[in-house]
Amino acid sequence: MSGAVGREPVFPTRQSLGLMKSKLKGAETGHSLLKRKSEALTKRFREITRRIDEAKQKMGRVMQIAAFSLAEVSYAVGGDIGYQVQESAKQARFRVRAKHENVSGVFLPQFESYTKDGINDFALTGLGKGGQQIQRCRETYARAVETLVELASLQTAFLILDEVIKVVNRRVNAIEHVIIPRTENTIKYINSELDELDREEFYRLKKVSNKKQRDNAAADAEILAARQKKKEAELQAQKSTPAQEATGATDATEAAEATEEAAEPEEPEPVDVLGEQEDNDVIF
Amino acid sequence: MAASAATYKDRQLLAVIGDEDSVTGLLLAGIGHVTDPPEAQRNFLVVDAKTETSEIERAFQTFTQERKDIAIVLINQHIAERIRNSVDNFTDPFPAVLEIPSKDHPYDPEKDSVLKRVRRLFGE
C-alpha cells in the first residue's frame, strides 16, 4: 500500500476520499496541460537553437566584412582614428528597445534596434580625407550591430526558455512521478480502510442479530417454562385444597376446643400451613 | 518569469569590451555612450596586450551587474577567453552577453559559452 512515494496523511473517511479523487483529477488535468506547455516551449526552443546557430555563422561573416571596411578607413585616412572616435563618443545614437513576445505564458524579450536622430558624434571624423570610407564603414558596422542585436535577442530567448523548460519539466515529472502515484495510493488506502470498516460493521450487525435471536429464544423458553410450571402448580393446588381445608377446619376446632389442654400438637400444623403458603408464593 | 518587464524596460544601450579595431568600428556605428558628469562612465573598454585581466573583469562586472541601462554586452571572444570563468558563470538573461569575433581572432563556435550549452543540449 505504501510504496516508495507513500501516501498523504489523511483519515480514511468518505469525505477525504472525495477530496483525493478530485485532487487526482486536478493533477491529471494539470499534468496534461503542463506537458503540452512543455512541448510547445520545446518546439520553440529547438527553432531558436537552430536560428542561433545560423545567426552565429552570419555574425562571423558580417564582422569580417565590417573589419575589412574599417581597414579601408585606416588606409584612406592614413592613420589611426581609434583615439579620435573614442574621445568623441558622447551619446549613443544606436539604441535598442525591448518588446516582448508571449510564448505559452512565457515572456520572451525581443530587442529591436533604432537610431536616435539628431545625434552625430562623428561629424568631424574624416573631415580631412576618407570621409566616404568612414561613411561606408559606419553603415557596414550599423548593419553588423543589427545582426548582433538579433543574435542577442535569440540568445536571451534561449536562456529564458532553457530555464523555463527546466522548471516546467520538473513540474511535469513531479506530478507524474510523485503526486499522482501518491494520490492513487491514498485513494487505495482509503478504499481498503472503508471496506474493512464495512466488513467490520457487517460482522457486528450479524453478531448483534444473532445475540438478539438467542436472547429472544431464551426468553420464550423461560416464559413457556413458567407457564408450564404455573399450570402444574394450579393443578397441584386444585388437588391439595380440599384436604387442606379439612385439616384446617379440624385444626381450628381442635384448637378452639382444647387450647388449655395441650399446645404441642397444635404447633406442627401452623408450620405445615406456612409451608404450603410459601410454596404458593414461590409459584406466583 | 524572472525577467519582468521592469528589468528590461530602460535597458537601451549596448556595451563593448574589445580590441581597438572592434571598439572603433562599433563606436562608428553609434553605440558609444558616456554618462553625464560628474560620474562619467563609458560603455566601452578598449583592451590591448597591456590591459590587466582584473580590469577586464571589473569592466565586465560593471556592465553586467551594476549598470541597469545596458541591454547587450558585446565582448571579443579572445578577451572572453581571459575571463572565461566569469562569462560562463553569468547566466542571467539580462544583459545578454554576446561573444563576437575580432579581426585577428576568427570566430570559434566551440568556445562560445552559449553555443557550448546549445551543443550540450543536443548532444552533439
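Residues numbered from 1 in each chain as written. Chains lettered and ligands numbered in written order. Predicted model: local features only at pLDDT ≥ 70, side-chain atom pairs only at ≥ 80, totals over all residues. Heavy atoms only, no water.

(A) Here's a closer look at the overall build of chain A. Secondary structure summary: chain A contains four helices and two strands in total. Counting from the amino terminus, chain A carries its helices and strands in the arrangement α-α-β-β-α-α. Considering chain A as a whole, with its 284 residues, one finds that 32% of them fall into the buried category. Sequence separation of 24 or more characterises 78% of the internal contacts of chain A that already satisfy a separation of 6 or more. When the accessible surface of chain A is totalled, it reaches about 18,600 Å², and 54% of it is carbon and sulfur. (Helix = DSSP H or I, 4+ residues; strand = E, 2+ residues; numbered from the N terminus. Buried < 20%, exposed > 50% of the residue type's maximum accessible area, 1.4 Å probe, protein only. Contact = heavy atoms within 4.5 Å. Areas by Shrake-Rupley, 256 points an atom, 1.4 Å probe, with all protein chains shown as cover.)

(B) Structural detail: the confidence of the model for chain A. Residues with a pLDDT of 70 or more make up 79% of chain A, whose mean pLDDT is 81. Here helix 4 (residues 268-283) of chain A stands out as the least confident element of chain A, with mean pLDDT 52; helix 1 (residues 14-77) of chain A is the most confident, with 88. (pLDDT = per-residue confidence, 0-100.)

(C) Representation of helix 2 (residues 20-29) of chain B in the model. All names here are of chain B. Among the 10 residues in helix 2, eight count as buried, and that is most of the element. By the burial criterion, the buried members of helix 2 are Ser-22, Val-23, Thr-24, Gly-25, Leu-26, Leu-27, Leu-28 and Ala-29. Gly-30, located one to two residues past helix 2, shows a positive phi value of around 105°.

(D) Highlighting the packing of aromatic side chains. Tallied over the full model, the rule gives two aromatic pairs over all chains. Aromatic side chains Phe-45 of chain A and Phe-158 of chain A sit 5.2 Å apart centroid to centroid with 15° between the ring planes, which places their arrangement in the stacked category. Of this pair, Phe-45 of chain A sits in helix 1 while Phe-158 of chain A sits in helix 3 (residues 131-257); the two residues are 113 residues apart in sequence, bridging distant segments of the chain. Overall, the relative accessible area of 0% leaves Phe-158 of chain A in the buried class. Judged by centre distance (6.1 Å) and plane angle (80°), the rings of Phe-60 of chain B and Phe-90 of chain B are edge-to-face. Remark: Phe-90 of chain B occurs in the loop between helix 5 (84-89) and strand 4 (96-100) and Phe-60 of chain B occurs in helix 3 (residues 53-66); sequence separation between them is 30 residues. The positively charged end of Arg-7 of chain A is found above the aromatic ring belonging to Tyr-189 of chain A, 3.6 Å away from the centroid. Across from the ring centre of Tyr-114 of chain A, 4.2 Å away, lies the NZ or CZ of Arg-97 of chain A, which sits over that ring. (Phe/Tyr/Trp six-rings, centres within 6.5 Å; stacked < 30°, edge-to-face > 60°. Lys NZ or Arg CZ within 6 Å of the ring centre and 35° of its normal.)

(E) Structural detail: the sheet that holds strand 2 (residues 44-46) of chain B. Residue and element names in this part refer to chain B. Read across the open sheet, the four strands follow the order 2-1-3-4; overall the sheet is parallel. Two strands close off the open sheet at either side, each with one partner strand: strand 2 and strand 4. Neighbour-to-neighbour, the strand axes of this sheet turn through a mean angle of 20°, independent of strand direction. As defined by bridge partners, strand 3 (residues 70-76) adjoins strand 4 across five bridges and the pair is classed as parallel. When the sheet's bridge partners are listed, Ile-75 is paired in strand 4 with Glu-99. (Pairing = 2+ DSSP bridges. Axes fitted to C-alpha atoms, helices over the stretch in contact; angles between N-to-C directions.)

(F) Structural view of the interface of chain A and chain B. Tallying the contact residues gives 51 residues for chain A and 49 residues for chain B. Counting each side, the surface lost to burial between chain A and chain B is near 4,500 Å², with a carbon and sulfur contribution of 68%. Looking at the side of chain A facing chain B, the largest losses of area belong to Lys-56, Gln-86 and Leu-159 of chain A, adding up to 13% of the total buried there. The interface formed by chain A and chain B includes zero salt bridges. For the side of chain A that touches chain B, the elements supplying multiple residues, two or more each, are helix 1, helix 2 (82-88), strand 1 (94-103), strand 2 (106-115) and helix 3 of chain A. In terms of residue count, helix 3 of chain A provides more of the side of chain A that touches chain B than any other element does, 18 residues in total. The residue makeup of the side of chain A that touches chain B, split by class, is 31 nonpolar, nine polar and 11 charged. (Buried area = accessible area lost by both parts, 1.4 Å probe. Salt bridge = Lys/Arg side-chain N within 4 Å of Asp/Glu carboxyl O. Nonpolar A, V, L, I, M, F, W, Y, C, P; charged D, E, K, R; others polar.)

(G) Inspection of the packing of helix 1 of chain A against helix 6 (residues 113-121) of chain B at higher detail. Between helix 1 of chain A and helix 6 of chain B, whose axes approach to 11 Å, the crossing angle comes to 135°. By the criterion of interaxial angle, the relationship of helix 1 of chain A to helix 6 of chain B is oblique. Crossing geometry of helix 1 of chain A relative to helix 6 of chain B is assigned as left-handed. Only Val-114, Leu-115, Val-118, Arg-119 and Leu-121 of chain B of helix 6 of chain B make contact with helix 1 of chain A, whose side of the interface consists of Phe-45, Thr-49, Ile-52, Asp-53 and Lys-56 of chain A. A class-by-class count of the residues in the contact of helix 1 of chain A with helix 6 of chain B yields six nonpolar, one polar and three charged. (Parallel < 35°, antiparallel > 145°, perpendicular 65-115°, else oblique. Left-handed = near helix turned anticlockwise from the far one by under 90°.)

(H) Structural view of the environment of Ser-32 of chain A. As for its position among the elements, Ser-32 of chain A is in helix 1. The spatial distance from the C-alpha of Ser-32 of chain A to the C-alpha of Ile-175 of chain A is 9.9 Å, given a sequence separation of 143 residues.

(I) Seen up close, unusual backbone geometry. If you check the backbone angles, Ser-104 of chain A has positive phi at about 45° while not being a glycine. Structurally, the position occupied by Ser-104 of chain A is in the loop between strand 1 and strand 2.

(J) Spotlight on the pairing of strand 2 of chain A. All names here are of chain A. Across 10 bridges, the pairing between strand 1 and strand 2 is antiparallel. Bridge assignment links Phe-94 to a residue of strand 2, and that residue is Thr-115. The antiparallel hairpin formed by strand 1 and strand 2 contains two residues in its connecting segment, where Ser-104 sits at a positive phi of about 45°.

(K) Layout of the confidence of the model for chain B. Summarising the model, chain B shows a mean pLDDT of 79, and 89% of its residues fall at 70 or more. Complex prediction metrics read pTM 0.69 and ipTM 0.82.

(L) The arrangement of the side chain of Thr-147 of chain A in detail. Residue and element names in this part refer to chain A. Within the element layout of this structure, Thr-147 appears in helix 3. Within the structure, Thr-147 has its side chain in polar contact with the backbone oxygen of Arg-143 (distance 3.0 Å). Discounting chain neighbours no more than four positions away, the residues touching Thr-147 are Lys-58, Met-59 and Val-62. (Polar contact = N/O pair within 3.5 Å; in protein donor to acceptor, adjacent residues only side chain to side chain.)

(M) Structural context of helix 3 of chain B. For helix 3 of chain B, built from 14 residues, the straight-helix expectation of 20 Å at 1.5 Å per residue is met to within 8% by its first-to-last C-alpha distance of 19 Å. For helix 3 of chain B, the secondary structure elements touched by its buried residues are strand 1 (13-18), strand 2, strand 3, helix 4 (77-82), helix 5 and strand 4 of chain B. (Expected span 1.5 Å × (residues − 1).)

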